[in-house]
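Breakdown of the fold
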Protein chains: 4
Amino acid sequence: MIIVLKANVSDEDIAVVEGKVTEFGYEPRVVQGVERTIIAAVGDEVTHKSLETLQNMPMIDRVVPIQKRYKLVSREFHRAPTSFNVGKNKIGDGNFMMIAGPCSVESREQLETVTKDIIASGVTVLRGGAYKPRTSPYDFQGLREEGLELLQEMKDTYGVSIVTEILGAPHVEKVAAVADVLQIGARNCQNYHLLEVVAGAGRTVLLKRGMSVTVQEWLSAAEYLLVHGCEDVILCERGIRTFEPATRSTLDLSAVAVAKKETHLPVIVDPSHAAGKADLVLPLSKAAIAVGADGLIVETHPNPSEASSDATQQIPSGSFDQFMSELQPFIDICFENRAK
Amino acid sequence: MIIVLKANVSDEDIAVVEGKVTEFGYEPRVVQGVERTIIAAVGDEVTHKSLETLQNMPMIDRVVPIQKRYKLVSREFHRAPTSFNVGKNKIGDGNFMMIAGPCSVESREQLETVTKDIIASGVTVLRGGAYKPRTSPYDFQGLREEGLELLQEMKDTYGVSIVTEILGAPHVEKVAAVADVLQIGARNCQNYHLLEVVAGAGRTVLLKRGMSVTVQEWLSAAEYLLVHGCEDVILCERGIRTFEPATRSTLDLSAVAVAKKETHLPVIVDPSHAAGKADLVLPLSKAAIAVGADGLIVETHPNPSEASSDATQQIPSGSFDQFMSELQPFIDICFENRAK
Amino acid sequence: MIIVLKANVSDEDIAVVEGKVTEFGYEPRVVQGVERTIIAAVGDEVTHKSLETLQNMPMIDRVVPIQKRYKLVSREFHRAPTSFNVGKNKIGDGNFMMIAGPCSVESREQLETVTKDIIASGVTVLRGGAYKPRTSPYDFQGLREEGLELLQEMKDTYGVSIVTEILGAPHVEKVAAVADVLQIGARNCQNYHLLEVVAGAGRTVLLKRGMSVTVQEWLSAAEYLLVHGCEDVILCERGIRTFEPATRSTLDLSAVAVAKKETHLPVIVDPSHAAGKADLVLPLSKAAIAVGADGLIVETHPNPSEASSDATQQIPSGSFDQFMSELQPFIDICFENRAK
Amino acid sequence: MIIVLKANVSDEDIAVVEGKVTEFGYEPRVVQGVERTIIAAVGDEVTHKSLETLQNMPMIDRVVPIQKRYKLVSREFHRAPTSFNVGKNKIGDGNFMMIAGPCSVESREQLETVTKDIIASGVTVLRGGAYKPRTSPYDFQGLREEGLELLQEMKDTYGVSIVTEILGAPHVEKVAAVADVLQIGARNCQNYHLLEVVAGAGRTVLLKRGMSVTVQEWLSAAEYLLVHGCEDVILCERGIRTFEPATRSTLDLSAVAVAKKETHLPVIVDPSHAAGKADLVLPLSKAAIAVGADGLIVETHPNPSEASSDATQQIPSGSFDQFMSELQPFIDICFENRAK
């Protein structure tokens with residue numbers, strides 16, 4: 001770490017800080033600048049205690065960490081891109097994955113229609129919420145166990161893989177019995193207790209970025225999963241909170257480009273929640289592929305205007321094949337050399 | 001709800017929307033404007049399904065909800081300010097509450113020193129984290145059960161009330177056995193599963209606003225607590241995420257003024273986490289009292305530069321009486337007529 | 001406009017509001033809801049005074065405008081996409097435009113090298129700052145008139161078109177004598193005085209979106225240009241301010257998709273300023289094309305690490321042809337049917 | 001500056017960076033860490049070129065500036081708080097200043113009523129917009145020269161001092177002839193051309209913080225004023241853009257506390273524009289005084305619901321004395337020892 005001292009500190013002050021740095025187990029190296037003195041503290045920042053606590057001392061201006069706070073997720077630790085299977089589909093390292101389905105599981109009829117429609121479009125990873133986190137307690141909270149049963153039925157009947165959200169530790173066993181991928185929603189991105197429990201479930205985990213979570217914090221949340229034993233982690237950008245009201249959230253595609261450089265894990269994009277409007281999903285999906293995402297998770301519904309949740313952002317499943325064919329040229333460019 | 005149609009829609013389109021509105025159980029009232037037609041949908045928006053799903057229809061520009069999504073927390077439902085006791089201390093309806101203590105419980109010696117120091121300053125509600133949500137899995141995660149035992153010891157020995165954070169449903173019983181107030185941290189503000197479980201614990205709940213949660217969403221999260229049986233809820237503003245790096249978060253004191261108008265529940269402020277710097281805590285505490293907060297939760301530590309977490313924002317507990325005496329004139333103005 | 005009254009207002013209160021609405025020249029239509037009464041005010045919101053002033057009245061909860069605040073820039077007013085020439089290059093309505101060049105004009109040698117390099121890559125619209133808005137008064141402020149002369153020289157010698165920024169009304173004549181396109185920078189997006197002056201200069205105007213300007217406000221700023229006589233306006237998204245520090249700004253590609261639906265004007269993207277890092281410019285450029293942008297403005301420099309400003313985000317001009325060839329497949333998909 | 005190298009760089013790479021640092025006029029000091037090497041570059045960062053340009057080099061992770069980009073405004077340069085007079089009123093160094101008046105000058109009658117009302121409340125600094133920056137070109141743009149004449153009349157008749165906004169360089173002479181204080185609005189905070197021109201006008205300048213401008217950038221904008229010859233500068237916080245829709249902007253009172261530590265210049269607060277709602281102005285004004293502001297600028301109008309601009313945030317001037325008397329206890333605490 002680098003400790004930047006205030007202007008005009010005395011030699012005694014410098015000695016006091018050097019003493020502190022040594023006490024914390026680092027080796028201090030003083031560099032006298034023209035206007036400021038800095039002290040470089042040499043030592044492993046992950047195993048040692050952070051010197052940021054010293055920022056309280058009156059002669060210190062600020063403390064600048066040098067190392068990152070994650071390891072297992074980083075490309076410095078694991079250079080090659082990670083890839084793994086979700087059911088019969090591969091993701092990562094040049095393999096594109098499309099995940100599609102309704103926001104909420106609402107009925108057998110609804111789910112079966114969507115399942116058939118996405119299969120007809122060449123997609124075999126089905127998303128669908130059984131447990132729904134809703135802003136208001138008066139909104140539809142999901143079919144819960146009944147929803148899980150319907151997802152199991154689709155899996156048995158049509159051979160699709162299942163992605164579904166998990167809201168609390170007590171549901172892990174039940175949900176993991178059905179799901180191939182356990183989704184941690186944006187609001188739970190930094191619910192570290194849930195991350196620890198889910199990491200032990202033996203399933204792939206899809207970790208959405210929280211609405212005000214930086215890329216560094218998102219990767220640190222993923223680090224919790226790896227530290228607790230889960231290796232197959234998919235990161236998902238779904239929009240951040242900004243001042244702009246034209247879209248529900250602001251899709252941060254730069255974050256996808258940054259994350260792809262920082263981590264070996266696959267990174268996908270959820271354009272539906274970001275936009276909140278169905279007619280923006282196609283252009284944002286194209287852009288997500290172009291920026292380097294490893295996949296997409298898109299909401300589609302047989303009859304969006306009758307959906308129980310997030311109706312405005314769902315594409316009619318009857319036209320999902322049309323949607324897929326408009327994406328195909330972009331998938332071809334970005335994945336042609338490596339996907340097969 | 002109000003449905004705003006696009007410019008130049010046909011009479012058939014209007015009839016189609018009217019049909020949909022009726023189908024959803026509302027009564028449509030068409031108002032022809034100069035440039036646009038709107039359809040007012042008359043009906044209870046909380047018990048009926050939201051018409052926002054119609055936003056997908058090609059002739060609709062947008063749907064504007066009229067009612068709010070919370071009831072029990074609102075002043076429209078319960079006009080008089082709510083007050084209740086935390087141990088022997090009252091909060092709300094003109095009663096000021098100061099909560100103080102270290103970010104994390106670190107040792108008996110540390111906790112006992114702080115406890116004595118805050119008592120000497122006239123404060124008898126002790127905060128201290130036993131379970132700590134940390135951005136990195138490599139950071140100190142709290143003393144956990146050992147921390148709870150130390151908090152119990154302070155309660156038994158010094159008669160203080162205890163405020164401590166809860167991270168997951170499985171900890172509720174253990175934590176509630178010790179704590180007078182169960183704190184839901186900012187990162188769990190929209191962890192609805194945890195809210196439901198904590199609401200049933202028979203304790204006061206302190207609900208921090210999430211870093212990117214609007215006032216409406218924060219009140220809706222509190223509504224979950226009331227709906228699930230918890231009546232003694234304290235709201236706590238602790239700063240939101242913005243572009244400004246000079247402070248850890250941006251303390252949103254306007255939100256305190258807005259929340260005080262909207263809800264009957266007490267609203268307090270955490271200036272320590274918002275600022276992230278000890279020397280900003282005093283001016284922000286004064287401002288919080290002046291804007292109308294019902295209390296404060298402030299971090300204090302016997303020796304901040306050796307703290308295990310959030311060192312830079314903790315006030316030395318040895319000077320906490322000085323801190324309190326600088327606040328006193330503001331408390332006197334804002335609470336003089338009602339507090340005694 | 002829609003006036004939403006508070007819950008439980010009296011008939012007298014309703015009559016008072018109706019009176020006010022009439023006084024402002026609108027026709028009031030009262031709609032009694034289950035919990036709230038609303039009053040629709042029928043009348044042209046652009047020519048009449050805004051009723052938002054009534055929000056002050058004690059019985060009014062809020063006032064919701066229905067119409068937009070811009071006309072000339074909107075697709076409702078002018079349905080077909082606008083296209084025009086910049087020198088010999090066309091932009092808009094299926095024509096892709098690449099603008100490239102250094103952040104600042106620094107010397108004849110630098111500018112000539114870049115000019116030759118971009119021409120060799122097939123690009124003939126040159127950007128380069130002569131007047132530079134810099135955060136600190138101690139930073140390089142641009143070569144100013146000498147910079148303009150160098151730009152003129154490139155135009156004369158190589159036939160390139162020129163895009164350069166304008167900082168103040170007194171420079172308009174000088175800058176317009178050289179430039180084909182006058183650029184309004186992000187910090188001046190809502191400098192309405194400058195917009196009015198620049199609109200009269202008889203040149204194409206490139207209007208960057210301000211760092212905290214909504215899409216609606218950006219289009220309203222463009223409306224100033226059209227109202228004051230400038231028809232050839234290019235909108236440019238260059239990133240907004242958010243909490244995320246991994247990139248200099250957060251490129252808002254959703255805003256490009258939204259703007260393309262709202263306005264007939266061409267919309268381009270500046271990935272260089274948004275990212276602030278040269279290695280993110282290529283993926284973001286691909287994404288910008290995929291999302292539907294009509295062009296790009298990219299910074300390139302013969303030797304970025306010696307640039308006088310914004311060094312970290314400039315691509316080496318010697319490899320600009322490589323950059324262009326990596327973009328080509330995306331340009332081919334997005335513009336193939338219409339560009340020729 | 002500190003240059004942080006990437007993990008695992010070679011000795012040759014280190015030597016290359018050392019060479020670059022020397023070439024830029026700094027003296028390099030290499031510090032070998034456990035995981036990373038850093039190079040401290042010793043030299044004056046204000047007079048030398050920034051090394052941030054090196055961030056482009058493949059072996060460099062990032063460059064961390066140590067010095068600030070402003071001098072004249074900083075307390076390191078000028079320790080004692082600055083104070084000066086606006087008319088007969090003093091601001092700074094313990095002197096509280098209240099500025100009040102309508103958003104826009106609308107008519108003699110309106111302005112005279114307000115002027116009398118504020119004088120009756122003990123306030124003698126009048127604000128009022130003659131040139132108005134409006135989001136839409138169709139909104140009221142101010143009475144302009146006629147507005148200036150009315151302000152002059154109030155000055156002549158009632159002896160008030162005048163604060164009014166300036167939108168463009170060509171207006172400086174006219175506006176400075178009337179105004180004691182030239183206001184730079186939030187949208188022009190980084191309009192450096194205007195700052196330079198206004199700095200030469202021989203008047204006090206009130207510089208509002210831009211809606212997405214950091215404290216560092218705000219102080220750097222003020223540095224432009226001081227560098228160009230203006231010494232009497234008042235900084236004004238007026239709210240920043242965030243995701244929260246409950247208020248027009250988010251008033252950043254932490255920024256006031258931070259700015260007061262960083263600069264010797266007086267800092268005031270505009271609660272009216274921040275809140276956008278009249279009933280929030282009183283609590284926010286109290287909080288602004290409590291946090292340490294040197295003054296307030298508050299909007300008041302004889303009849304807010306008929307105002308030509310920003311009606312919802314203006315306090316009725318007839319009750320301004322009531323407003324002042326509610327603030328008085330806070331002014332008394334915060335200024336009692338020094339103001340008289």
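Because the structure is a prediction, the values reported are computed rather than measured.

Some words on the interface of chain C and chain B
Contacts between the two partners involve 27 residues from chain C and, on the opposite side, 27 residues from chain B. If you look at where chain C meets chain B, you find 2 salt bridges. The closest approach of N and O atoms between E76 of chain B and R36 of chain C, which form a salt bridge, is 3.1 Å. Our count for the chain C to chain B interface comes out at 4 residue pairs in polar contact (both at pLDDT 80 or more). Among the secondary structure elements, those contributing two or more residues to the side of chain C that touches chain B are β1 (2–5), β2 (27–32), β3 (37–42) and β4 (60–64) of chain C. Its residues assigned to classes, the side of chain C that touches chain B comprises 12 nonpolar, 5 polar and 10 charged.

Things to note about the relation of the copies chain C and chain B
Superposing chain C onto chain B takes a rotation of 180° plus a shift of 0.0 Å along the axis, which leaves an RMSD of 0.0 Å. Both copies are brought into coincidence by an operation consistent with a two-fold rotation axis. In terms of proximity to the rotation axis, the leading residue of chain C is F243 of chain C, whose C-alpha is 2.1 Å off the axis.

Examining the pairing of strand β1 (residues 2–5) of chain D
If a strand is regular, its side chains alternate between the two faces of the sheet. All names here are of chain D. The alternating pattern of β1 places I2 and V4 on one face and I3 and L5 on the opposite face, and all of these are buried. Direction of pairing for β1 relative to strand β3 (residues 37–42): antiparallel, over a ladder of 3 bridges. Its bridge partner being in β3, I2 is matched across the sheet by A40. By the bridge criterion, 4 bridges tie β1 to strand β4 (residues 60–64) in an arrangement that is antiparallel. Paired with I3 across the bridge in β4 is V63.

Topic: the packing of helix α5 (residues 192–199) of chain A against helix α6 (residues 215–227) of chain A
Residue and element names in this part refer to chain A. Orientation of α5 relative to α6, taken along the N-to-C sense of each, is 40°, at an axis distance of 8 Å. By crossing handedness, the relation of α5 to α6 is classed as right-handed. Counting all contacts with α5, which are made through Y192, L195, E196 and A199, the residues of α6 involved are A221, Y224 and L225. Considering only residue class, the contact of α5 with α6 consists of 6 nonpolar, no polar and 1 charged.

Here's the deal with the relation of the copies chain A and chain B
When chain A is brought onto chain B, the operation consists of a screw motion whose angular component is 180° and whose axial shift is 0.0 Å, with 0.0 Å RMSD remaining. When the interface residues of chain A are mapped onto chain B, 98% of them again fall at the interface, so both copies present the same face.

Comments concerning the environment of L235 of chain B
With respect to the helices and strands, the residue L235 of chain B is situated in strand β12 (residues 233–237). Each C-alpha atom, one on L235 of chain B and one on D294 of chain B, is 9.7 Å from the other, the two residues being 59 residues apart in sequence.

Remarks on the domain arrangement of chain A
When cut into domains, chain A gives domain 1 (2–64) and domain 2 (84–339). For domain 1 of chain A versus domain 2 of chain A, the distance between C-alpha centres works out to 45 Å.

Remarks on the sheet that holds strand β1 (residues 2–5) of chain B
All names here are of chain B. Spatial strand order, β2-β3-β1-β4: 4 strands in an open sheet with antiparallel pairing. Each edge of the sheet is formed by a strand with only one pairing partner; in this case those strands are β2 (27–32) and β4 (60–64). Along the sheet, successive strands turn relative to each other by an average axial angle of 20°, direction set aside. Here 6 bridges tie β2 to strand β3 (residues 37–42), and the two strands are oriented antiparallel to one another.

What about the pairing of strand β10 (residues 181–184) of chain B?
Residue and element names in this part refer to chain B. Going residue by residue along β10, you find V181 and Q183 tucked away on one face and L182 and I184 tucked away on the opposite face as well. Here strand β9 (residues 161–165) runs beside β10; their pairing, made up of 3 bridges, is parallel. Residue pairing for β10: V163 is matched across the bridge by V181. Once the chain exits β9 it traverses helix α4 (residues 172–178) before rejoining the sheet at β10, and the crossover so formed is right-handed. Bridge count between β10 and strand β11 (residues 204–208): 4 bridges; the pairing is parallel. The partner of I184 across the bridge, within β11, is L207. In this view, the connection linking β10 to its parallel neighbour β11 by way of helix α5 (residues 192–199) has right-handed handedness.

Some details on the confidence of the model for chain A
Any region with low pLDDT has predicted coordinates that should not be read closely. Scored by pLDDT, chain A has a mean of 92; 99% of the residues are at 70 or more. Interface confidence for the predicted complex, expressed as ipTM, amounts to 0.93; the pTM equals 0.94.

Here we look at the interface of chain A and chain B
Each partner contributes to the interface: chain A provides 54 residues, whereas chain B provides 55 residues. Taking both partners together, chain A and chain B bury about 4200 Å²; carbon and sulfur atoms supply 49% of that area. Connecting chain A to chain B are 2 salt bridges. Those elements that provide at least two residues to the side of chain A that touches chain B are α1 (11–23), α5 and α6 of chain A. Class assignment of the residues belonging to the side of chain A that touches chain B gives a composition of 21 nonpolar, 19 polar and 14 charged.

Let's talk about the side chain of E165 of chain D
All names here are of chain D. Mapped onto the elements of the fold, E165 is located in strand β9 (residues 161–165). Among buried charged residues, E165 stands out as having no salt bridge; its nearest opposite-charge side chain is K132, 5.0 Å away. The contact partners of E165, leaving out residues within four places of it in the chain, are Y131, P133, V175, Q183 and G185.

Here's the deal with the sheet that holds β4 of chain C
Residue and element names in this part refer to chain C. Sheet architecture is open: 4 strands sit in the order β2-β3-β1-β4, paired in antiparallel fashion. If you trace the sheet from one side to the other, it starts and ends with β2 and β4, each paired once. Sheet twist, expressed as the mean angle between neighbouring strand axes with direction ignored, is 20°. The strands touched by helix α1 (residues 11–23) are β1, β2, β3 and β4; relative to β2, the strand with the most contacts, the crossing angle is about 150°.

Details of the environment of T312 of chain B
Residue placement: T312 of chain B occurs in the loop between β14 (295–301) and β15 (315–316). On the basis of relative accessibility, which here comes to 14%, the residue T312 of chain B falls in the buried class. Between the alpha carbons of T312 of chain B and T263 of chain B there is a distance of 33 Å; along the sequence they are 49 residues apart. When residues no more than four places from it in sequence are discounted, the contact partners of T312 of chain B are E52, T53, Q55 and N56 of chain A together with G276, K277 and A278 of chain B.

Comments concerning the pattern of salt bridges
Under the counting rule described, the total for this entry stands at 72 salt bridges over all chains. Salt-bridge contacts for E27 of chain C lead to R29 of chain C; the nearest nitrogen and oxygen are separated by 3.1 Å. One salt bridge in this structure joins K260 of chain C and D294 of chain C, with 2.6 Å as the shortest N-O distance. In this pair, K260 of chain C is assigned in helix α7 (residues 253–262) and D294 of chain C in the loop between α9 (278–291) and β14 (295–301), connecting sequence segments 34 residues apart. Neither K260 of chain C nor D294 of chain C differs from the other in exposure class; each is buried. A single network of salt bridges, built from pairs that share partners, joins R36, D61 and R62 of chain A together with E76 of chain D.

Some remarks on unusual backbone geometry
Of note in this structure, R144 of chain A is not a glycine but carries a positive phi near 55°. Summarising the element assignment, R144 of chain A is placed in the loop between β8 (125–127) and α3 (145–158).

Here's the deal with α1 of chain A
All names here are of chain A. Between its terminal C-alpha atoms α1 stretches 18 Å, which fits the 18 Å expected from 13 residues at 1.5 Å a residue. Packed against the buried residues of α1 are β1 (2–5), β2 (27–32), β3 (37–42) and β4 (60–64). Following α1 by one or two positions, G25 has its phi on the positive side, about 95°.

Considering the environment of V46 of chain A
Within the fold, V46 of chain A resides in the loop between β3 and β4. Take V46 of chain A: its relative accessible area is 10%, and that puts it in the buried class. In the structure, V46 of chain A is positioned 118 residues away from T164 of chain A in sequence and 34 Å away in space, judged by C-alpha atoms. In this view, V46 of chain A contacts Q67, K68, R69 and K71 of chain A together with Y138 of chain B; residues no more than four positions away in its chain are not counted.

Thoughts on the packing of helix α2 (residues 108–120) of chain C against helix α3 (residues 145–158) of chain C
Residue and element names in this part refer to chain C. For the pair α2 and α3, the least separation of the axes is 10 Å and the interaxial angle reads 40°. Between α2 and α3, the crossing angle belongs to the class labelled oblique. In this structure, the crossing between α2 and α3 has a hand that is right-handed. In this structure, α2 uses R108, L111, E112, T115, K116 and I119 to contact α3, whose residues at the interface are L150, L151, E153, M154 and Y158. A class-by-class count of the residues in the contact of α2 with α3 yields 6 nonpolar, 1 polar and 4 charged.

Conventions and cut-offs
Residues numbered from 1 in each chain as written. Chains lettered and ligands numbered in written order. Predicted model: local features only at pLDDT ≥ 70, side-chain atom pairs only at ≥ 80, totals over all residues. Heavy atoms only, no water. Contact = heavy atoms within 4.5 Å. Salt bridge = Lys/Arg side-chain N within 4 Å of Asp/Glu carboxyl O. Polar contact = N/O pair within 3.5 Å; in protein donor to acceptor, adjacent residues only side chain to side chain. Helix = DSSP H or I, 4+ residues; strand = E, 2+ residues; numbered from the N terminus. Nonpolar A, V, L, I, M, F, W, Y, C, P; charged D, E, K, R; others polar. Least-squares fit on C-alpha atoms with pLDDT ≥ 70 in both. Buried < 20%, exposed > 50% of the residue type's maximum accessible area, 1.4 Å probe, protein only. Pairing = 2+ DSSP bridges. Axes fitted to C-alpha atoms, helices over the stretch in contact; angles between N-to-C directions. Left-handed = near helix turned anticlockwise from the far one by under 90°. Domains from an automatic or database assignment. Right-handed = clockwise from strand over helix to strand, strands pointing away. pLDDT = per-residue confidence, 0-100. Buried area = accessible area lost by both parts, 1.4 Å probe. Lys, Arg positive; Asp, Glu negative; His and termini not counted. Expected span 1.5 Å × (residues − 1). Parallel < 35°, antiparallel > 145°, perpendicular 65-115°, else oblique.

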